[in-house]
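Per-entry structural report
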Amino acid sequence: MNSASIAPVQHIMLPGSPKINIVLRRSKRSRRMSLRISRLKGIITLSLPMSCPIRQAEKFILEKETWIRTHLADLPQSLEVSFGATVLFQGQLLTICKGPGRQVSRGGTKLLVPGADSMVVARVKAFLKLQARQRLRESTDYYATVLGKPYGKLTLRDTTSRWGSCSTQGNINYSWRLIMAPPTVLKYVVAHEVAHLVQMNHSPQFWAVVERLYPNYANDRDWLKNHGEELHCYQF
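All values reported here derive from a predicted model rather than from experimental measurement.

Overview of the overall build of the protein
For the protein, the count of helices and strands is six helices and 11 strands. Seen through its principal axes, the protein has C-alpha atoms that stretch 55 × 50 × 30 Å. Burial statistics for the protein: of 236 residues in total, 41% are counted as buried. Put simply, the protein shows about 13,500 Å² of open surface, and 50% of that area lies on carbon and sulfur atoms. On the protein, the mean spot of the 33 positive side-chain charges and the mean spot of the 15 negative ones are 7 Å from each other.

Quick look at the structure:
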């Protein structure tokens, strides 16, 4: 979208208990007012035409108050990462416990984390990212070899809009949170992105490549659709 078609971002506050911040986005492409709530971050955005008066926007927000508060209450709850809490790792819930030594390790249904309480979040995150890099690298190497298609850089990010991406240069990005999903789900995402080395689209030919790399992928794709937002509940 041309940046010239978007005005600077504004905010208005919905009164009540609690007060709710609304982000206003004026755009030349907007023909009417429309509300959107991000399920991952709870950000509420009102898109509106460039010429729409602010008073009209405020009236619209008040009319939609019940809808806004109902949807906010339905959002997934944030999960704290601390001793005694649980965290998903490869599809299993592990209890975060104090551990010996200097490195985080898994012991059965426990995630053993050494050090003070203040270090738990950073150390659990570092452990998950390390495990994610190892397993994503292994699977990417494997599927790329099957196709006979080398890839470029492999990067881990904490994306919210997609689980992976592949550039035209063959660079592949993944969300490190995939390590929290069942291993088969991680493998499906890798097969999906590696398939883009052959087909940079989502055509029937592309899905045929995915099927070749990872047969019967539908269940794992559905798992992400149904449970993916649970991986973003953890606050790091």
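What follows picks up the thread again.
Some details on the packing of helix H4 (residues 183-195) against helix H6 (residues 218-231)
Put simply, H4 and H6 touch, their axes get as near as 9 Å, and they point 100° apart. Accordingly, the angle class assigned to the pair H4 and H6 is roughly perpendicular. Here H4 contributes Thr184, Val185, Tyr188 and Val189 to the contact with H6, which in turn contributes Asp220, Arg221, Trp223 and Leu224. Grouping the constituent residues of the contact of H4 with H6 by class yields five nonpolar, one polar and two charged.

Comments concerning H6
In this model, H6 (14 residues) spans 19 Å end to end at C-alpha, consistent with the 20 Å of a helix rising 1.5 Å per residue. At Lys225, H6 shows its maximal kink, close to 50°. Taken residue by residue, H6 has Asp220, Leu224, Gly228 and Leu231 as its buried positions.

Considerations on the nonpolar core
Core analysis: the largest hydrophobic core is formed by 48 residues, its most contacted members being Leu128, Tyr174, Met180 and Val194. Ranked by the residues each element gives to this core, the list is headed by helix H3 (residues 120-147), at nine residues. In this view, Val194 contacts Thr140, Tyr143, Ala144, Leu147, Ile172, Tyr174 and Leu213; residues no more than four positions away in its chain are not counted. Of all hydrophobic cores here, the second largest spans 17 residues; its members include Ile12, Ile44, Leu46 and Ile61.

Overview of the packing of aromatic side chains
Scanning the model with the defined rule gives six aromatic pairs in all. Summarising the aromatic geometry, the rings of Trp176 and Phe236 are spaced 5.3 Å apart at their centres and angled 75° between planes, so their arrangement reads as edge-to-face. With Trp176 in the loop between strand S11 (172-175) and H4 and Phe236 in the segment after H6, this pair connects stretches of sequence that are 60 residues apart. You can call Phe236 partly exposed: its relative accessible area is 26%. On the numbers, 5.3 Å between centres and 20° between planes, the contact of Trp207 with Tyr217 is stacked. Here Trp207, found in helix H5 (residues 204-213), pairs with Tyr217, found in the loop between H5 and H6; they are 10 residues apart in sequence, far enough to count as distant. Among the aromatic residues, those joined into a cluster by ring pairs are Tyr188, Phe206, Trp207 and Tyr217. Positioned over the ring face of Trp207 is Arg221, at 5.0 Å from the centre of the ring.

What counts, and where the lines are drawn
- Residues numbered from 1 in each chain as written.
- Predicted model: local features only at pLDDT ≥ 70, side-chain atom pairs only at ≥ 80, totals over all residues.
- Heavy atoms only, no water.
- Helix = DSSP H or I, 4+ residues; strand = E, 2+ residues; numbered from the N terminus.
- Buried < 20%, exposed > 50% of the residue type's maximum accessible area, 1.4 Å probe, protein only.
- Areas by Shrake-Rupley, 256 points an atom, 1.4 Å probe, with all protein chains shown as cover.
- Lys, Arg positive; Asp, Glu negative; His and termini not counted.
- Charge placed at Lys NZ, Arg CZ, Asp CG, Glu CD.
- Axes fitted to C-alpha atoms, helices over the stretch in contact; angles between N-to-C directions.
- Parallel < 35°, antiparallel > 145°, perpendicular 65-115°, else oblique.
- Contact = heavy atoms within 4.5 Å.
- Nonpolar A, V, L, I, M, F, W, Y, C, P; charged D, E, K, R; others polar.
- Expected span 1.5 Å × (residues − 1).
- Bend = angle between axes of the 7 residues up to and from the residue.
- Core = buried A, V, L, I, M, F, W, Y, C linked by side-chain atoms within 4.5 Å.
- Phe/Tyr/Trp six-rings, centres within 6.5 Å; stacked < 30°, edge-to-face > 60°.
- Lys NZ or Arg CZ within 6 Å of the ring centre and 35° of its normal.

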